[in-house]
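Observations on the three-dimensional arrangement
Below are the chains, spelled out letter by letter.
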Amino acid sequence: MQRKAIGLIGWGTVGGGVVEILSRDRGLFAERCAIDLDLTTIVTRDPGRVREHSAGSARISNDISAITNDPDIGVVVHLVGGTTEAKDLLAACLKAGKHVVTANKALIAVHGDELFALAAQHRVGIAFEAAVAGGIPIIAALRDGLVANRIHAISAILNGTCNFILTKMEQENWGYDAALAEAQRLGYAEADPTLDVDGTDTAHKLAILARIAFNGRIPLAKVRTQGIQQLTAQDIASARTMGARIKLLAVARQRESGLELRVAPTLVPLDHPLAAVNKNANGIAIESSSAGPTLLTGLGAGALPTASAVLADVIDVVSGRYQATAGAFRFFHGGSDLAFVAEIDEVTATYARFVVADKPGVLAGVATALSKHGANVLSIHQGQADPAGRATIEVVTHPLRLGSMQAAVNEIDRSGLTITTTTLLRRL
Ligand code: NDP
Ligand code: HSE
């Protein structure tokens, strides 16, 4: 039996999950992998804070040198969020010759190229299975199981917090704020939940998947990103009447002229498998050249599912498997310069909700602009005005070029017919 000393930086939600699993299942790892995982040191901002699970005999410190100066520690589990201090901590471990396992997708998406170059320089690795889709082994699936395929497209639900909010709003009539607060309480949300609800976290994850799937650098600015903050109970109910469910969908699709990358709330037909992915679950549908369609679902956020992925990486690294597979490939090592395309040429059915003043001519104005841009309306409905005289016009169109519908909506918003920016959703 080999004993392997582990260091942990960050004893928060996911760090707590790692401590819990290690104290509960250390014997399982010994039995299954003949490896004794020994968590010897924890570095965390507030070492004095009482935690839910005991860390046994591990030393607890707020000084990173407790890990970087310890020659016994070969792998460091890095579970600190953000891209500043977290980057310095990760870099310090690499420079000290330690392999790093991280769940920090913002760091990998924003600084991955630089950090992987640093890791190569110090002959160590960075493993990041937990950074995308929590407990679902999607990085391993792309890296290993599907390595013989060209990836044509990825369509995915990648943020547990948003999916939880949308599910609670739809299925239990919760308000947006209450559902977000519950996602925070359950440990799904980022320290700054704006990153979840504005789509940034999903964009980080999509950029990481696309980096692997399409073998090239993915500047984050190329991921067109829209969040869920604008969605209302009315949008969600209207989706149901259209036989669909709204999901924050990440899409990476190889088109003839380049790669299309986007994150946007999308109407997913109820008979599509991703429509059945609810609460804090994530789902990833992959279209590839030989395996064809592949679907992975599972829990995308929360302490234990994420810690499961972290520990899979730890075992990969301490057993030498990581160095033999991921380490041998060109992960975040250069890669080609990809061409990117905008999504405006996509042809899709759409739903638009216009908030307007309840006065004569407004409905006609909306209809005229839609017609001018070639939108063939399937249904149009104006609801009762509220006491402030604001009414909602909901429009569903037949499939059309998304760019044409967006141009119509922009024209209507600019013309002063609408009181707030119009919500426009596409259909998967
Ligand atoms: P938390 O905020 O719960 O925990 C972060 C931990 O980092 C805290 O324990 C904090 O210490 C510690 N910390 C902060 N700054 C420092 C520092 N300078 N030195 C040492 N420790 C520090 O975050 P999560 O556990 O939720 O997330 C951790 C990472 O995992 C993030 O990158 C997140 O995006 C990612 N992730 C999270 C998932 C989830 O479901 N929560 C799922 C997948 C990825 P202290 O407690 O002592 O103050
Ligand atoms: N905040 C993230 C989410 C954590 O809700 O999906 C998992 O990456």
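These lines cover the structure that appears in this document, whether it is placed above or below.

What counts, and at which threshold
- Residues numbered from 1 in each chain as written.
- Chains lettered and ligands numbered in written order.
- Predicted model: local features only at pLDDT ≥ 70, side-chain atom pairs only at ≥ 80, totals over all residues.
- Heavy atoms only, no water.
- Helix = DSSP H or I, 4+ residues; strand = E, 2+ residues; numbered from the N terminus.
- Rg over C-alpha atoms; globule rule 2.2 N^0.38 Å.
- Buried < 20%, exposed > 50% of the residue type's maximum accessible area, 1.4 Å probe, protein only.
- Contact = heavy atoms within 4.5 Å.
- Areas by Shrake-Rupley, 256 points an atom, 1.4 Å probe, with all protein chains shown as cover.
- Lys, Arg positive; Asp, Glu negative; His and termini not counted.
- Charge placed at Lys NZ, Arg CZ, Asp CG, Glu CD.
- Near = heavy atom within 4 Å.
- Polar contact = N/O pair within 3.5 Å; in protein donor to acceptor, adjacent residues only side chain to side chain.
- Nonpolar A, V, L, I, M, F, W, Y, C, P; charged D, E, K, R; others polar.
- Core = buried A, V, L, I, M, F, W, Y, C linked by side-chain atoms within 4.5 Å.
- Expected span 1.5 Å × (residues − 1).
- Pairing = 2+ DSSP bridges.
- Phe/Tyr/Trp six-rings, centres within 6.5 Å; stacked < 30°, edge-to-face > 60°.
- Salt bridge = Lys/Arg side-chain N within 4 Å of Asp/Glu carboxyl O.
- Arc of directions from axis to C-beta.
- Axes fitted to C-alpha atoms, helices over the stretch in contact; angles between N-to-C directions.
- Parallel < 35°, antiparallel > 145°, perpendicular 65-115°, else oblique.
- Left-handed = near helix turned anticlockwise from the far one by under 90°.

Right, let's get into the overall build of the protein chain. What the protein chain contains, in helices and strands, is 14 helices and 19 strands. For the protein chain, whose C-alpha radius of gyration is 24 Å, the value lies close to the compact-globule estimate of 22 Å for 428 residues. Per-residue burial over the protein chain gives 55% buried out of 428 residues. Here the analysis covers contacts within the protein chain between residues at least 6 apart in sequence; of these, 73% occur between residues at least 24 apart. When the accessible surface of the protein chain is totalled, it reaches about 18,100 Å², and 50% of it is carbon and sulfur. Here the protein chain contributes 40 positive and 41 negative side-chain charges, whose respective centroids are spaced 3 Å apart.

Let us now look at the site of ligand 2. The environment of ligand 2 is made up of 13 residues, and the closest members are K105, T161, Y188, E190 and K205. Within the backbone of Y188, one N or O atom sits 2.7 Å away from a nitrogen atom of ligand 2. In this structure, E190 approaches ligand 2 through a side-chain N or O atom, which is 2.7 Å from a nitrogen atom. For ligand 2, whose accessible area on its own is 250 Å², the fraction buried by protein is 93%. Put simply, the parts of the chain that give the shell around ligand 2 at least two residues each are helix 6 (160-172) and helix 9 (200-213). Class assignment of the residues belonging to the shell around ligand 2 gives a composition of four nonpolar, four polar and five charged.

With that settled, consider the nonpolar core. If you look at the biggest cluster of nonpolar residues, it comprises 111 residues, and the most contacted ones within it are L37, I138, I208 and V314. Those residues in contact with I208 that sit more than four places away from it in its chain are K105, I108, A109, F128, A131, V132, I139 and F332. By size, the runner-up hydrophobic cluster in this structure holds 17 residues, among which are A352, F354, V409 and L424.

Moving on to helix 9. In a regular helix each residue adds 1.5 Å, so 14 residues correspond to 20 Å; helix 9 covers 20 Å between its end C-alpha atoms and thus fits that length. Within two residues after helix 9, N215 carries a phi angle of roughly 50°, on the positive side.

Time to look at the environment of S290. On the secondary structure map, S290 appears in the loop between strand 11 (281-288) and strand 12 (292-299). With 181 residues separating them along the chain, S290 and A109 place their C-alpha atoms 28 Å apart. Apart from residues no more than four positions distant in its own chain, S290 is found in contact with A148 and N149.

Let us look at the pairing of strand 11. Counting buried residues in strand 11 gives seven out of eight residues, a clear majority hidden from the surface. Both strand 7 (residues 151-157) and strand 11 contribute to a ladder of six bridges, which runs antiparallel. Considered in strand 11, the bridge of A156 is made with I284. The sheet contact formed by strand 11 and strand 12 spans eight bridges and is antiparallel. In the sheet register, I284 faces strand 12, and the bridge partner there is L296. A loop of three residues connects strand 11 with strand 12, the two strands running antiparallel in sequence.

On inspection of all chains with the given rule, the structure shows two aromatic pairs. Judged by centre distance (5.8 Å) and plane angle (85°), the ring pair of F116 and F128 falls under edge-to-face. Of this pair, F116 sits in helix 4 (residues 105-121) while F128 sits in the loop between strand 6 (126-127) and helix 5 (138-145), placing them 12 residues apart in sequence. Across this residue pair, the class does not change: F116 and F128 are buried.

This part takes up the pattern of salt bridges. In total, this model carries 29 salt bridges according to the counting rule given. Taking the shortest distance from any N to any O, the salt bridge between R262 and E346 comes out at 3.0 Å. Highlighted residues: R262 in strand 10 (residues 258-269) and E346 in the loop between strand 13 (340-341) and strand 14 (347-348), separated in sequence by 84 residues. Each of the two residues, R262 as well as E346, counts as buried. The shortest N-O distance in the salt bridge between D386 and R390 comes to 3.7 Å. One network of salt bridges, with partners in common, ties together R3, R26, D36, D38 and D72.

Side chains that are three or four residues apart share a direction in an α-helix, a result of its 3.6 residues per turn. Listed as buried for helix 7 (residues 176-185) are Y176, A179, L180, E182 and A183. Each buried residue of helix 7 sits inside an arc of 160° when the element is viewed along its axis, so together they form one side. Every exposed residue of helix 7 that faces more than 90 degrees away from the buried side is listed here: D177 and R185. Where helix 7 is buried, its residues meet helix 6 and helix 8 (194-197). One or two steps after helix 7, the chain reaches G187, where phi turns positive at roughly 85°.

We now examine the site of ligand 1. Close to ligand 1 lie 26 residues, the nearest being T44, D46, R49, E190 and G302. At 2.8 Å from an oxygen atom of ligand 1 is found a side-chain nitrogen or oxygen belonging to R51. Protein contact buries 87% of the 900 Å² of open area that ligand 1 shows by itself. At the level of secondary structure, the elements contributing two or more residues to the shell around ligand 1 comprise helix 1 (13-33) and helix 3 (85-95). Of the residues in the shell around ligand 1, the class split is 10 nonpolar, nine polar and seven charged.

Our focus in this paragraph is the packing of helix 3 against helix 4. The geometry of helix 3 relative to helix 4 is characterised by a closest axis approach of 11 Å and an angle of 20° between their N-to-C directions. As judged from the angle between their axes, helix 3 and helix 4 are roughly parallel. Between helix 3 and helix 4 lies a crossing whose hand is right-handed. Only L107, H111, E114, L115, L118 and A119 of helix 4 make contact with helix 3, whose side of the interface consists of A86, K87, L90, A91, L94 and K95. Looking at the contact of helix 3 with helix 4 residue by residue, the classes come out as eight nonpolar, one polar and three charged.

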